[in-house]
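# Report on the structure
The lines below spell out each chain.
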Amino acid sequence: MPVFSPKTTPPPSYKVRSVSFPARSNPTIHKIQQNLNKLTSPPKTPSSETLHLQLSGLGDTYKSVQHLLQSPLTQKTLTQKVPQMLDDLIHFLDICSNTRDCILSVKQSLRQLQSSLRRTQAAGSDQFTIETDVTAYFHSRKKMKKEAAKFMSLLKIKKPQFGENDDHLLNLIQLLREGSCVVFNSILVYLSAPILKKRYKYWPPLMFSKLVSEVQGEKMNEMQKVDFAVNDLMEETECSPEKMESAQRMMEDLELSMEGFEIELEGLFRELIHTRVTLLNIVSHSIIS
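### Examining the confidence of the model for the protein chain
Confidence in the prediction of the protein chain, expressed as mean pLDDT, is 80, and 75% of residues score 70 or more. In this model residues 1-12 is a low-confidence stretch, pLDDT under 50, and it forms 25 contacts with partners more than four residues away in sequence or in other chains. Overall, residues 18-24 carries pLDDT values under 50, and its contacts beyond four positions in sequence, including any with other chains, amount to eleven contacts.

### Some points on the packing of helix α4 (residues 82-123) against helix α6 (residues 168-191)
Two elements in contact, α4 and α6, have axes whose closest approach is 12 Å; the angle formed by their N-to-C orientations is 20°. On the basis of the axis angle, α4 is roughly parallel to α6. Helix-helix and strand crossings are classified by hand; for α4 and α6 the assignment is left-handed. For the pair formed by α4 and α6, the contact residues are Q84, M85, D88, F92, I95, C96, T99 and I103 on the first element and I173, R177, S180, C181, F184, L188 and L191 on the second. For the contact of α4 with α6, the per-class residue count stands at ten nonpolar, three polar and two charged.

### Here's the deal with the nonpolar core
Core analysis: the biggest nonpolar cluster contains 67 residues, and F184, L191, F261 and L272 have the highest contact counts within it. Only α1 (27-39), α2 (48-68), α4, α5 (131-157), α6, α8 (222-235) and α9 (241-288) provide two or more residues apiece to this core. Ignoring anything within four residues of it in the chain, the contact list for F261 reads S48, L51, H52, L55, I103, I187, Y190 and L191.

### Some words on α1
In this model, α1 (13 residues) spans 18 Å end to end at C-alpha, consistent with the 18 Å of a helix rising 1.5 Å per residue. Turning to α1, the residues buried within the fold contact α2 and α6.

### With respect to the environment of L188
Counting through the fold element by element, L188 comes out in helix α6. Residue classification places L188 among the buried residues on the basis of a relative accessible area of 2%. Residues L188 and E147, 41 residues apart in the sequence, show an inter-C-alpha distance of 8.8 Å. Among residues more than four places away in sequence, those in contact with L188 are I95, T99, A148, F151, M152 and L155.

### Some remarks on the packing of aromatic side chains
The tally for this structure, following the rule as stated, stands at three aromatic pairs. Ring geometry for F92 and F184: centres 5.2 Å apart, planes at 25°, overall stacked. Note that F92 is positioned in helix α4 and F184 in helix α6, a separation of 92 residues in sequence. There is no split in this pair, since F92 and F184 are both buried. With a centroid separation of 5.7 Å and an interplanar angle of 45°, the aromatic rings of Y190 and F261 are classed as tilted. You can see Y190 sitting in helix α6 and its partner F261 sitting in helix α9, a full 71 residues away along the chain. Its end group placed over the ring of F269, R100 keeps NZ or CZ at 5.0 Å from the ring centre. A cation over an aromatic ring shows up here: K150 above the ring of F151, its NZ or CZ 5.1 Å from the ring centre.

### Regarding the packing of α2 against α6
For the pair α2 and α6, interaxial distance at closest approach is 10 Å and the crossing angle is 155°. As judged from the angle between their axes, α2 and α6 are roughly antiparallel. For α2 against α6, the interelement crossing comes out left-handed. Residues S48, L51, Q54, L55, L58, T61, Y62, V65 and L68 of α2 pack against L169, L172, L176, S180, V183, F184, S186, I187 and Y190 of α6. Looking at the contact of α2 with α6 residue by residue, the classes come out as 13 nonpolar, five polar and no charged.

Procedures and definitions
Residues numbered from 1 in each chain as written. Predicted model: local features only at pLDDT ≥ 70, side-chain atom pairs only at ≥ 80, totals over all residues. Heavy atoms only, no water. pLDDT = per-residue confidence, 0-100. Contact = heavy atoms within 4.5 Å. Axes fitted to C-alpha atoms, helices over the stretch in contact; angles between N-to-C directions. Helix = DSSP H or I, 4+ residues; strand = E, 2+ residues; numbered from the N terminus. Parallel < 35°, antiparallel > 145°, perpendicular 65-115°, else oblique. Left-handed = near helix turned anticlockwise from the far one by under 90°. Nonpolar A, V, L, I, M, F, W, Y, C, P; charged D, E, K, R; others polar. Core = buried A, V, L, I, M, F, W, Y, C linked by side-chain atoms within 4.5 Å. Buried < 20%, exposed > 50% of the residue type's maximum accessible area, 1.4 Å probe, protein only. Expected span 1.5 Å × (residues − 1). Phe/Tyr/Trp six-rings, centres within 6.5 Å; stacked < 30°, edge-to-face > 60°. Lys NZ or Arg CZ within 6 Å of the ring centre and 35° of its normal.

Quick look at the structure:
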């Protein structure tokens, strides 16, 4: 059994149905269908790159939904469902915004830690000069983990309310909602990976060697690898140049991963805003008419 596993708290399961429409369906509906089928079938242990693609794909899906909502027939069909769709969008926007803020905090603390480590290397001083920045890094990790747990609970509570319906368009909108929950949940599970903050030098040799093998493999994400590298530095009286360089590489990988999440969340946030504006226009026109 692995020493640490990012799957400590399994994500809530979502029963997402696949959807298919008649051959005569609108091409936009067909495109949304294809995107949703991909998004709702993520790998069991997705990498950060895979999650970046999921966010990008969800943004593209909402862009297609905006085109679909321009149709008078679509607007007529969805009139009664618009309030719930708007409510869902508010929650998704909240998740995007707060998750992005947490990522920015982690990035800032990570850059400070990298700068401190470079100064330590240049001065040839011991590792304890980075202790303040290490504390700040773990604080930002805890904050992101707490926010992720909060939003995962929200996704768990907010279950689909449309119910079964023979209308293909209504079923598609319900599946869009379910697919959005799946993608957000996958991202939040990844970002809330357990924090590795242990005194490794007191561990039995076999347990420590298992942890090292997990760090070198793919069983930990970039955040956990940085956790291990930072703690490993703090455990030593004098750090070897090789350990410092290894820690720097892991921090660079984590920074690239966080930047990817930041970029894709910003793009998705814009598409959610545009979709919300389109829905508000539908409400406005229905009131006028």
